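Results of the structural survey
Residues per chain, in single letters:
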Amino acid sequence: MNTRRVVLAAVLAFVLAWGTLVGLAVQKTRHPTAPRGARVLSRAEVARHDRPEDCWLVIRGKVYDVSDYIAAHPAPPRTITEHCGEESTTAFETKERGRSHSPQAWQLLESYLVGEVAD
Ligand code: HEM
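So, here's what we can say about the structure. (Residues numbered from 1 in each chain as written. Predicted model: local features only at pLDDT ≥ 70, side-chain atom pairs only at ≥ 80, totals over all residues. Heavy atoms only, no water.)

**So, the state of the cysteines**
How we decide: The definition used for a disulfide is geometric: two cysteine sulfur atoms within 2.5 Å. In DSSP terms, a helix is any run of H or I states spanning at least four residues, a strand is any run of E spanning at least two, and both are numbered starting from the N terminus. The classification of residues rests on relative accessible area computed with a 1.4 Å probe and restricted to protein chains. Under 20% of the type maximum is buried, over 50% is exposed, and intermediate values are partly exposed.
If you walk through the whole model with that rule in mind, you get one disulfide. With its sulfur 2.2 Å from that of its partner, cysteine 55 forms a disulfide with cysteine 84. One disulfide, between cysteine 55 and cysteine 84, carries an S-S torsion of -95° and so falls in the left-handed class. Of this pair, cysteine 55 sits in strand 3 (residues 54-59) while cysteine 84 sits in the loop between helix 3 (78-81) and strand 5 (86-87), and the two are 29 residues apart along the sequence. We note that cysteine 55, like cysteine 84, is buried.

What follows is the structure in structure tokens.
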């Protein structure tokens with residue numbers, strides 16, 4: 001009876017210790033400010049997505065794959081495509097005319113989120 005309890009306690013302690021170690025290891029590999037599951041991407045990686053059919057934008061430190069949205073954008077495709085693979089915060093915040101996108105557009109943007117930049 002007692003031996004059973006000791007074995008049970010040992011197994012429990014082992015499982016808990018192992019869980020803590022795995023948890024710590026996972027935390028270490030995640031970028032400190034990255035939300036759960038978000039990819040941390042370098043600017044060099046983002047720069048590879050510089051074509052209309054594969055277009056990533058960096059806006060306020062986050063990375064968006066907007067390839068599928070270009071055709072639906074109300075302004076001519078060029079307004080977005082000339083920024084593919086690049087830092088685009090100012091472009092998005094000003095629409096290149098000094099006025100930011102609407103709250104709805106900001107919300108829509110979030111649906112294209114793929115990660116955040118490493119720096
Ligand atoms: C970064 C490059 C971009 C530029 C330069 C740009 C520029 C513009 C321009 C010139 C207009 C039309 C004129 C106006 O409404 O004032 C517009 C409208 C709009 N854009 Fe963009 N856009 C960009 C990216 C995007 C992205 C990535 C999205 C969403 C995923 C988006 C969503 C919208 C929406 C919903 C509108 C309608 C008006 C509004 O809600 O603000 N745009 N944009």
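**Concerning the side chain of histidine 73**
Short version of the rule: Should any heavy atoms of two residues lie within 4.5 Å, those residues are considered in contact.
When you line up the elements, histidine 73 lands in the loop between strand 4 (62-65) and helix 3. A residue is classified by how much of its surface remains accessible, and histidine 73, at 17% relative accessible area, is buried. Those residues in contact with histidine 73 that sit more than four places away from it in its chain are Thr79, Ile80 and His101.

**Focus: the site of the ligand**
Just so we agree on the cut-off: For this description, a residue counts as near a given molecule or strand if any of its non-hydrogen atoms is within 4 Å of it. Any pair of N or O atoms that falls within 3.5 Å is considered a polar contact. Within protein, one atom must be able to donate a hydrogen and the other to accept it, and sequence-neighbouring residues count only if both atoms are side-chain atoms. By the convention adopted, Pro, Cys, Tyr, Trp, Phe, Met, Ile, Leu, Val and Ala count as nonpolar, Lys, Arg, Asp and Glu as charged, and the other residues, Gly among them, as polar.
Looking at the ligand, there are 21 residues lining it, with Tyr69, His73, Lys95, His101 and Ser102 nearest. Side-chain polar atom of histidine 101 to a nitrogen atom of the ligand: 2.8 Å apart, as the coordinates give it. For the ligand, an oxygen atom lies 2.5 Å from a polar atom in the side chain of serine 102. Listing elements by their share of the shell around the ligand, those giving two or more residues are helix 3, helix 4 (89-94) and helix 5 (103-110). Considering every element that reaches the shell around the ligand, the biggest residue donor is helix 5, with three residues. Taken together, the residues of the shell around the ligand break down into twelve nonpolar, five polar and four charged.

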